[in-house]
Amino acid sequence: MFSTKLSVVPNAMPLFAAVCALSFVIAGCSSTPAPDKTATWSPNKIYAEAKDEANSGAYEKAIPLYEKLEGRAAGTPLAQQAQLEKAYAQYKGGEQPQAIATLDRFMKLHPASPALDYALYLKGLVNFNDNLGIFGFISRQDLSERDQKAAKESFESFRELVTRFPESKYTPDARLRMSYIVNSLAQSEVHVARYYYSRGAYVAAINRAQSAISDYRDVPALEEAIYILYKSYDALGMAELRDDTRRIMEKNYPQSHFITKGFKSVDNPWYKFW
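Residues numbered from 1 in each chain as written. Predicted model: local features only at pLDDT ≥ 70, side-chain atom pairs only at ≥ 80, totals over all residues. Heavy atoms only, no water.

With respect to the secondary-structure elements, S232 resides in helix α10 (residues 221-235). Given the relative accessible area of 0%, S232 is considered buried. Setting aside its immediate chain neighbours within four residues, S232 contacts Y197, Y202, A205 and I206. (Helix = DSSP H or I, 4+ residues; strand = E, 2+ residues; numbered from the N terminus. Buried < 20%, exposed > 50% of the residue type's maximum accessible area, 1.4 Å probe, protein only. Contact = heavy atoms within 4.5 Å.)

We now examine the pattern of salt bridges. Going through the model one piece at a time under the given rule, you end up with 16 salt bridges. We note a salt bridge from K149 to E153, for which the minimum N-O separation is 2.6 Å. Of this pair, K149 and E153 both sit in helix α7 (residues 149-164), four residues apart, which is roughly one turn of that helix. Residue E250 pairs with R246 through a salt bridge whose shortest N-O separation is 2.9 Å. Note that E250 and R246 are positioned in helix α11 (residues 239-252) at a spacing of four residues, about one turn of the helix. Among the residues examined, E250 registers a relative accessible area of 38% and is labelled partly exposed. Judged by relative accessible area, R246 falls into the partly exposed class, the value being 29%. (Salt bridge = Lys/Arg side-chain N within 4 Å of Asp/Glu carboxyl O.)

Structure, rendered in structure tokens:
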């Protein structure tokens, strides 16, 4: 009768373990990181390379170079410059939280830096709600329709800048942006008031419009806030308050289109000047 037997190799398990261990060693060797090409570079060369990458729009390459420069030139003005330029690269590269963290660290470490005004300006700019700035009307979405937290933080940075550094070259633009932010915050209240009005919640619309009027002064949004009051009083049959509100509107906005044409179209945002 024909039969077969499986042969067992002596000490097979220790041999198998050794082979596995060797394979891990080989794999580890194959994943050894590439040598640092900047190891022999001077700080000035690192800075030049980082600038070239940033100027070409390769922010993801510039950022690690600026980080190397921070360490290589620690304690020098060049290291401070690297921090600021890294923050700008992070901002332009879409890394807003990282840019804010870099700027906060810079201001904490260098409170007497001559570039502090720029750091405050850049922090305000980063928080300026995704480039919906006073010169950035590419998007059709109104800043007031977006999250207001960043707008308020942006305002605080700009306000600190104009208060502490009134002669800074960044202050005039900061003032413009502050005005825009205030307008947007007021308009945010008006958006809500208009929403309530459109849903027939006239008392809620009145309360929100009055909130905008009491909290803000001399902003474009107040014209619509008063109109919402007028329309809401009319809808509620409150003739005396309606007529008083209309007189106020005609006195303050004699050329207002609201009385004759009603609400503005969503395709014609309040901030669009052309």
